[in-house]
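Working through the structure, step by step
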Amino acid sequence: MHDAHVAAPHAADPTLVLLTVEEAARRLSIGRTTCFRLIGSGQLESVPIGHLRRVPADAVHDFLARLREANRPTSITA
């Protein structure tokens, strides 16, 4: 008998509308603390649901798009 690695059923579910902070952090390849810092600064959108904090899945994409735009090299025209 061998042990198989079993991921959580929702771990990589692209159909999720809301993500936990941990799931959002995993998608961004950052730590949980950094993710909370981005949320606290308003750079990453989140919503409260009761006592929970959730990140809309599209907010992760929006954050990445803004980050990429801010770090895009500017072209120099003569």
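Refer to the preceding data block for the structure.
In this report, we go over the structure that sits alongside the text. All of these numbers come straight from a predicted model, not from anything done at the bench. (Residues numbered from 1 in each chain as written. Predicted model: local features only at pLDDT ≥ 70, side-chain atom pairs only at ≥ 80, totals over all residues. Heavy atoms only, no water.)

Looking at helix α1 (residues 21–28)
Considered for burial, the residues of α1 that qualify are V21, E23, A24, A25 and L28. Those residues of α1 that are buried lie in contact with β1 (18–20), α2 (32–40), β3 (52–56) and α3 (57–70). Downstream of α1 by one or two residues, S29 has phi in the positive range, about 55 degrees. (Buried < 20%, exposed > 50% of the residue type's maximum accessible area, 1.4 Å probe, protein only. Helix = DSSP H or I, 4+ residues; strand = E, 2+ residues; numbered from the N terminus. Contact = heavy atoms within 4.5 Å.)

Here's the deal with the packing of α1 against α2
Packed helix pairs are characterised by how far apart their axes lie and by the angle those axes make with each other. Look at α1 against α2: their axes get within 9 Å of each other, and the N-to-C directions meet at 105 degrees. As the angle between them shows, α1 and α2 are arranged roughly perpendicular. Residues V21, E22, A24 and A25 of α1 lie in contact with α2, whose contacting residues are R32, C35, F36 and I39. In the contact of α1 with α2, the residues fall into six nonpolar, no polar and two charged. (Axes fitted to C-alpha atoms, helices over the stretch in contact; angles between N-to-C directions. Parallel < 35°, antiparallel > 145°, perpendicular 65-115°, else oblique. Nonpolar A, V, L, I, M, F, W, Y, C, P; charged D, E, K, R; others polar.)

Regarding the sheet that holds β1
Working definition: the strands of a sheet are paired by backbone hydrogen bonds and lie parallel or antiparallel to each other. Spatial ordering of the open sheet is given by β1-β3-β2, a layout of three strands whose pairing is antiparallel. Every other strand in the sheet has two partners, leaving β1 and β2 (47–49) as the edge strands with one partner each. Sheet twist, expressed as the mean angle between neighbouring strand axes with direction ignored, is 50 degrees. (Pairing = 2+ DSSP bridges.)

Section: the nonpolar core
Within the largest apolar cluster, 14 residues are counted, with the highest numbers of intra-cluster contacts made by A24, C35, I39, L44, V55 and V60. Sorting the residues of this core by element identifies α1, α2 and α3 as the ones contributing at least two each. Those residues in contact with L44 that lie beyond four places of it in its chain are L28, C35, L38, I39, V55, A59, V60 and F63. (Core = buried A, V, L, I, M, F, W, Y, C linked by side-chain atoms within 4.5 Å.)

So, α3
For α3, spanning 14 residues, the distance from its first C-alpha to its last is 21 Å, which sits close to the expected 20 Å at 1.5 Å a residue. All of the buried residues along α3 are A57, A59, V60 and F63. Viewed along the axis of α3, the buried residues span an arc of 160 degrees, placing them on a single side of the element. Exposed side of α3, more than 90 degrees from the buried face: H61 and R68 are the residues found there. (Expected span 1.5 Å × (residues − 1). Arc of directions from axis to C-beta.)

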